[in-house]
Amino acid sequence: MHIGFLGLGNMGAPMARNLLKAGHQLTVFDLSAAAVASLVEAGATAATSPAALAQADVELIITMLPAAAHVKGVYLGDDGLLANVHPDVLLIDSSTIDPQSAREVAAAARQHGNPMLDAPVSGGTGGAAAGTLTFMVGGEAADFARAQPILAAMGKNIVHCGGTGNGQAAKVANNMLLGISMIGVAEAMSLGVALGVDPQVLAGIINTSSGRCWSSDTYNPFPGVMDNVPAARGYSGGFGSDLMLKDLGLASEAAKQVRQPVILGALAQQLYQTFSTQGHGNLDFSAIINLYRKDDQA
Ligand code: NAD
């Protein structure tokens, strides 16, 4: 299939590469010329703008952009995708944005005669490179069925979450829980160690007891407990604290629109905001444990 791919960053570039590997023809665009050049070297064709990409003979377009403002600009702008795309071309936005914005853009797309899915992902840059992402998809069932084989080239769990915006709703709920659970594990690990328990012994207890969760058994924030996690390499790489702050902001905004209390989510947002203000936004989100640790702790 001839696919347009727009947004070739940490996630988009490896996702686009997997589409090429699966035998699809790709036309790509990014504001970064270097990002485009790297995909062209891998076999893609470069477009000079979103409009040019839309006017190329693509059958489907995928976008992977930082935030809602970029998504609205790229789809709704005068020189954007909707003003230029052929009718019936399926549009898939995999950026993480708020459900309301996803619904607004999809409604505008429908008015132009284009079906649209929101399909945010989890699995990080490792999952993007390995083609093992989870896609949380919102939109019509028939459009989901059309997208499924394409998404399967980039991910292994492709889940239809319901109508438009529901993919983003599932994503913000999951990531809010992740932020809260990471802070919970950081707090509990710090308390146990301050009370004299060895961190590895404590992690072993938690991971075989009722406190166990992904943040404790797969991504433990306490240094020295696990290999191959950001805590083992000074919290470099991984999922940045500022991206977690963005996702907690999306959860709070979405919650406000449906008048749903997210008390711990709001607290988690404030803790990550504090951490970011202290200049640590680039560290992996498990570094939030540094808000709790004393200098003399192991
Ligand atoms: P990134 O900043 O690395 O990449 C974004 C890309 O979009 C950049 O290459 C940038 O040049 C391009 N871009 C921005 N505005 C553009 C425009 N107007 N036209 C064309 N290109 C434009 O971000 P990322 O890490 O790839 O994340 C993308 C999305 O995926 C975000 O919404 C993020 O929250 C989400 N996400 C990221 C991860 C992760 O681990 N990095 C995991 C899951 C979801």
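Keep in mind that this is a model prediction, so the values were computed, not measured. (Residues numbered from 1 in each chain as written. Predicted model: local features only at pLDDT ≥ 70, side-chain atom pairs only at ≥ 80, totals over all residues.)

(A) Structural detail: the overall build of the protein. Across its full length, the protein holds 12 helices and nine strands. Taken over C-alpha atoms, the radius of gyration comes to 20 Å for the protein, in line with the 19 Å a tight globule of 298 residues would show. Projecting the C-alpha coordinates of the protein onto the three principal axes gives extents of approximately 65 × 45 × 35 Å. A total of 298 residues make up the protein; the buried ones form 46% of that total. Sequence-distant contacts in the protein: of pairs separated by 6 or more residues, those separated by 24 or more amount to 64%. (Helix = DSSP H or I, 4+ residues; strand = E, 2+ residues; numbered from the N terminus. Rg over C-alpha atoms; globule rule 2.2 N^0.38 Å. Buried ≥ 20, exposed ≤ 12 C-beta atoms within 10 Å, placed from the backbone. Contact = placed C-beta atoms within 7 Å.)

(B) Seen up close, the domain arrangement of the protein. Parsing the protein into structural domains produces domain 1 (2–163) and domain 2 (169–291). A straight line from the C-alpha centre of domain 1 to that of domain 2 covers 29 Å. The interface is formed by 10 residues belonging to domain 1 together with 11 residues belonging to domain 2. Looking at the side of domain 1 that touches domain 2 residue by residue, the classes come out as five nonpolar, four polar and one charged. (Domains from an automatic or database assignment. Nonpolar A, V, L, I, M, F, W, Y, C, P; charged D, E, K, R; others polar.)

(C) Representation of the UniProt feature "active site" (unreviewed entry) in the protein in the model. The UniProt record annotates "active site" (unreviewed entry) at Lys 171. Along the chain, Lys 171 falls in helix 8 (residues 166–194). Judged by local crowding, Lys 171 falls into the buried class, with 28 C-beta atoms found within 10 Å. Here Lys 171 is in contact with Thr 96, Pro 120, Ser 122 and Met 136, once residues within four sequence places are set aside. (UniProt positions renumbered as here; feature names shortened; annotations may be inferred.)

(D) Main features of the pairing of strand 5 (residues 90–93). The alternating pattern of strand 5 places Leu 90 and Ile 92 and Leu 91 and Asp 93 on opposite faces, both of which are buried. In this region the chain leaves strand 4 (residues 60–63), passes through helix 4 (residues 68–76) and returns to the parallel neighbour strand 5; the handedness of that crossover is right-handed. Bridge count for strand 5 against strand 6 (residues 116–118) is three bridges, and the pairing is parallel. When the bridges of strand 6 are listed, Leu 91 appears paired with Met 116. You can see the chain leave strand 5, run along helix 5 (residues 99–111) and come back into strand 6, and the turn it takes is right-handed. (Right-handed = clockwise from strand over helix to strand, strands pointing away. Pairing = 2+ DSSP bridges.)

(E) Inspection of the site of the ligand at higher detail. Among the 26 residues in the neighbourhood of the ligand, the closest are listed as Gly 7, Gly 9, Asn 10, Met 11 and Thr 96. Elements with a minimum of two residues in the shell around the ligand: helix 4, strand 7 (121–122) and helix 6 (124–130). For the shell around the ligand, the element with the highest residue contribution is helix 4, accounting for three residues. Here the residues of the shell around the ligand are counted per class, giving 13 nonpolar, 12 polar and one charged. (Near = placed C-beta within 6 Å.)

(F) Representation of the nonpolar core in the model. Membership of the largest hydrophobic core comes to 89 residues, with the highest contact counts inside it found for Ala 16, Val 28 and Ile 288. Among the elements that make up this core, the one with the highest residue count is helix 8 (12 residues). Those residues in contact with Ile 288, other than ones at most four positions away along the chain, are Met 182, Ile 183, Ala 186, Pro 221, Ser 241, Leu 271, Tyr 272 and Phe 275. (Core = buried A, V, L, I, M, F, W, Y, C linked by C-beta atoms within 7 Å.)

(G) Highlighting the packing of helix 8 against helix 12 (residues 263–280). Where helix 8 meets helix 12, the axes come as close as 9 Å, and the angle between the chain directions of the two elements is 70°. The orientation of helix 8 relative to helix 12 falls into the category roughly perpendicular. Considering how the two elements wind past one another, helix 8 and helix 12 form a crossing that is left-handed. Of the residues in helix 12, those touching helix 8 at Met 176, Gly 179, Ile 180 and Ile 183 are Leu 264, Gly 265, Ala 268, Leu 271 and Tyr 272. (Axes fitted to C-alpha atoms, helices over the stretch in contact; angles between N-to-C directions. Parallel < 35°, antiparallel > 145°, perpendicular 65-115°, else oblique. Left-handed = near helix turned anticlockwise from the far one by under 90°.)

(H) Summary view of the confidence of the model for the protein. The predicted model of the protein averages 95 in pLDDT, with 98% of residues at 70 or higher. Scored by ipTM, the complex comes to 0.99, with pTM at 0.91. (pLDDT = per-residue confidence, 0-100.)

(I) Layout of helix 11 (residues 241–257). A rise of 1.5 Å per residue sets the reference length of helix 11, with its 17 residues, at 24 Å; its end C-alpha atoms lie 25 Å apart and thus fit the reference within 8%. Regarding helix 11, the residues found buried are Ser 241, Leu 243, Met 244, Leu 245, Asp 247, Leu 248, Leu 250, Ala 251 and Ala 254. Packed against the buried residues of helix 11 are helix 5, helix 8 and helix 12. Positive phi shows up at Arg 259, right after helix 11, with a value of about 50°. (Expected span 1.5 Å × (residues − 1).)

(J) Here's a closer look at the packing of helix 4 against helix 5. At a minimum axis distance of 10 Å, the contact between helix 4 and helix 5 shows a crossing angle of 5°. Viewed along their axes, helix 4 and helix 5 adopt a mutual orientation that is roughly parallel. Facing helix 4, whose interface residues are Ala 68, Val 71, Lys 72, Tyr 75 and Leu 76, helix 5 presents Ser 101, Val 105, Ala 108 and Ala 109. Residue composition of the contact of helix 4 with helix 5, grouped by class: seven nonpolar, one polar and one charged.

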